[in-house]
Amino acid sequence: MTPTKGDVMVLPQHGLCVVVGRRRVSDGSSRVEHLILNVLSYEQVITLPVTKLAERGLRAPMSLDDFDAVLAVLSQQNKRVSTMWSRRFKRNQALLNSGAILEVAAVVRNISDWSQKTPLSSAEQTMYDRAYTNLIAEMKHAAADFDIDVAGLVANALLSSR
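Given the structure is predicted, the values throughout are model-derived calculations rather than measurements.

Novice: Run through the overall build of the chain, naming residues and quoting values.
Specialist: When helices and strands are tallied, the chain shows five helices and four strands. For the chain, the succession of helices and strands along the chain, N to C, is β-β-β-β-α-α-α-α-α. Split into buried and exposed, the 162 residues of the chain put 40% on the buried side. Long-range contacts, defined here as pairs at least 24 residues apart, represent 54% of the contacts in the chain between residues at least 6 apart.

Novice: Can you explain the pairing of strand β1 (residues 8–11)? Please cite residues and give values.
Specialist: Relative to strand β2 (residues 15–26), β1 runs antiparallel, the two sharing four bridges. Paired with L11 across the two strands is G15, which belongs to β2. The loop that links β1 with its antiparallel partner β2 comprises three residues.

Novice: An account of the sheet that holds β1 is needed here, citing residue identities and associated values.
Specialist: If you walk across this open sheet you meet the four strands as β1-β2-β3-β4, and the pairing is antiparallel. Of all the strands in the sheet, the pair left with one neighbour each is β1 and β4 (44–49). Neighbour-to-neighbour, the strand axes of the sheet open up by a mean angle of 50°, direction not taken into account. As paired elements, strand β3 (residues 31–39) and β4 share six bridges and run antiparallel to each other. Paired with L35 across the strands is L48, a residue of β4. Against the sheet, helix α4 (residues 122–142) makes contact with β1 and β2, and its axis sits at roughly 95° relative to β2, the strand it touches most.

Thresholds, definitions, all that
Residues numbered from 1 in each chain as written. Predicted model: local features only at pLDDT ≥ 70, side-chain atom pairs only at ≥ 80, totals over all residues. Heavy atoms only, no water. Helix = DSSP H or I, 4+ residues; strand = E, 2+ residues; numbered from the N terminus. Buried < 20%, exposed > 50% of the residue type's maximum accessible area, 1.4 Å probe, protein only. Contact = heavy atoms within 4.5 Å. Pairing = 2+ DSSP bridges. Axes fitted to C-alpha atoms, helices over the stretch in contact; angles between N-to-C directions.

Shown next, in the form of structure tokens:
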């Protein structure tokens, strides 16, 4: 994968990003090529060494073909929910860090289900907000050429999982 200027990519920790260019940066002993990304959700510029793109989880955004799989994950019942906050948080954090869109959808479903049983901690609420925002943004990007109510589809799928 060689992203070029103008490509839209996904960075798990930040969501949708646009490649704005490349730059060679000196690290003292050598010059390393970096990819310059503009994070769309909060207008931040990030530079990543080109040699570490896979390690950081940079990937292409989902396509419209992935909609059914994402909605299926959102509508599944969550069978395993730990009552221990730390275990739930670690499990959801690992899913988010994977960067895969189906894992992000699973985190949205897991935390949404849990929030119906008990109030969320501030850390879980922050995690949910980030996962939900990234999921909706990526789905809207995939459906940009179509008139699809992405938030409505997600809400309906989450309701059917309960």
